[in-house]
Amino acid sequence: MTDEQLVLLAKEGNSEAELELFNKYRSLINKYSRGYFLVGGDVEDLIQEGMIGLYKAIKNYSQEKDASFATFASLCIRRQIQSAIRNASTQKNKILSSAVPITDEEDDDYGIFSITSADRPDQKLINKQTNEEIFSQLKKMLSPLEFDVLKYYLAGLTYEQISQKTNLSKKSIDNALSRIKNKLSSIKKVLF
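K.L.:
Describe the overall build of the chain, and please don't skip the residues or the numbers.
P.N.:
Counting its secondary structure elements, the chain contains nine helices and two strands. Traced from its N-terminal end to its C-terminal end, the chain shows the element sequence α-α-α-α-α-β-β-α-α-α-α. Within the chain, the proportion of its 192 residues that are buried is 34%. Considering only contacts within the chain whose residues lie at least 6 apart along the sequence, 55% involve residues at least 24 apart.

K.L.:
Tell me about the nonpolar core, and name the residues and values.
P.N.:
Formed by 25 residues in total, the largest nonpolar core has its most connected members in Leu21, Tyr25, Leu54, Ile58, Phe69 and Ile77. At the level of elements, α1 (3-11), α2 (15-34), α3 (43-60) and α4 (69-89) are the ones that each hand at least two residues to this core. Among all residues touching Ile58, those that are not within four sequence positions of it are Val7, Ala10, Lys11, Glu18, Leu21, Phe22 and Phe69. Membership of the second largest hydrophobic core comes to twelve residues, among which are Phe135, Leu138, Phe147 and Ile162.

K.L.:
I'd like a description of the pattern of salt bridges, backed by residues and values.
P.N.:
Taken as a whole and judged by the stated rule, the model has five salt bridges. Residues Arg179 and Glu146 are paired through a salt bridge, measuring 2.8 Å at the closest nitrogen-oxygen approach. Taken together, the residues Arg179 in helix α9 (residues 170-191) and Glu146 in helix α7 (residues 144-154) connect sequence positions 33 residues apart. Classification of Arg179 by relative accessible area gives partly exposed; the value is 37%. In this structure Glu146 comes out as buried when scored by relative accessible area, which is 3%.

K.L.:
Let's hear about the packing of α3 against α4: which residues, and what values?
P.N.:
Interaxial distance between α3 and α4 falls to 7 Å at its minimum, and their mutual angle equals 135°. With respect to α4, the element α3 is oriented oblique. The handedness of the crossing between α3 and α4 comes out as right-handed. Residues Leu46, Glu49, Gly50, Ile52, Gly53, Leu54, Lys56, Ala57, Ile58 and Asn60 of α3 lie in contact with α4, whose contacting residues are Phe69, Phe72, Ala73, Cys76, Ile77, Gln80, Ile81, Ala84 and Ile85. When its residues are assigned to classes, the contact of α3 with α4 shows 13 nonpolar, four polar and two charged.

K.L.:
Which residues make up α4, and what values do they have?
P.N.:
End to end, α4 covers 30 Å across 21 residues, agreeing with the expected 30 Å (1.5 Å per residue, within 8%). Taken residue by residue, α4 has Phe69, Ala73, Ser74, Cys76, Ile77, Gln80, Ile81, Ala84, Ile85 and Ala88 as its buried positions. Those residues of α4 that are buried lie in contact with α1, α2 and α3.

K.L.:
Outline the packing of α1 against α3, listing residues and values.
P.N.:
Two elements in contact, α1 and α3, have axes whose closest approach is 8 Å; the angle formed by their N-to-C orientations is 85°. Viewed along their axes, α1 and α3 adopt a mutual orientation that is roughly perpendicular. Counted together, Val7, Ala10 and Lys11 of α1 and Ile58, Lys59 and Asn60 of α3 form the full contact between these two elements. Split into classes, the residues belonging to the contact of α1 with α3 amount to three nonpolar, one polar and two charged.

K.L.:
Explain the packing of aromatic side chains to me, and be specific about the residues and the numbers.
P.N.:
For the structure shown, the criterion picks out three aromatic pairs. Ring centres 5.6 Å apart and planes at 85° place the aromatic pair Tyr25 and Phe69 in the edge-to-face group. Of this pair, Tyr25 sits in helix α2 while Phe69 is found in helix α4, placing the two residues 44 residues apart along the sequence. A ring pair is formed by Tyr61 and Phe69, whose centres lie 5.4 Å apart and whose planes are at 85°; its orientation type is edge-to-face. Ring pairing ties together the aromatic residues Tyr25, Tyr61, Phe69 and Phe72, which thus form one cluster.

The rules behind these values
- Residues numbered from 1 in each chain as written.
- Predicted model: local features only at pLDDT ≥ 70, side-chain atom pairs only at ≥ 80, totals over all residues.
- Heavy atoms only, no water.
- Helix = DSSP H or I, 4+ residues; strand = E, 2+ residues; numbered from the N terminus.
- Buried < 20%, exposed > 50% of the residue type's maximum accessible area, 1.4 Å probe, protein only.
- Contact = heavy atoms within 4.5 Å.
- Core = buried A, V, L, I, M, F, W, Y, C linked by side-chain atoms within 4.5 Å.
- Salt bridge = Lys/Arg side-chain N within 4 Å of Asp/Glu carboxyl O.
- Axes fitted to C-alpha atoms, helices over the stretch in contact; angles between N-to-C directions.
- Parallel < 35°, antiparallel > 145°, perpendicular 65-115°, else oblique.
- Left-handed = near helix turned anticlockwise from the far one by under 90°.
- Nonpolar A, V, L, I, M, F, W, Y, C, P; charged D, E, K, R; others polar.
- Expected span 1.5 Å × (residues − 1).
- Phe/Tyr/Trp six-rings, centres within 6.5 Å; stacked < 30°, edge-to-face > 60°.

Any functional reading would require information that these geometric values do not contain.
In structure tokens form, the structure reads like this:
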């Protein structure tokens, strides 16, 4: 079967035809993916983007145009990969690629992430170590209850959710956060 015939079958819902197209164009996707660099990603991410491009080509191909499916698919794959690279390079995605988890000395991940503006791995490591030092100081400074309230608050929980987790009233949570803010201002003076 030709590519064009396989595309028609795939559009009609034939998953075997779609799979055959994906297998046939996998080497082309691999070839294109290896020629690019994705900030915060790897070749596998680019291959995935190439697969998305091929899927879009299958769904949008029209035989009424004067191009073969191979030409159209090639164009769609390249554009999808290039679009992913452009999007990864924009400042709006900087937060996603520069978040560093904050852990304590037992290497427990609390689901709290600090955003760093560092692009270099050594700077990210320094920022991570600084965050760990701040976290360690907080653990010493805060009562266990305050520490839990801060952890939940930084994880994005609402007062209602924190209240359910800690069995405290919303007013008690608000008071704990006020005490935490006062203590944070003193830790800022110590570290910076």
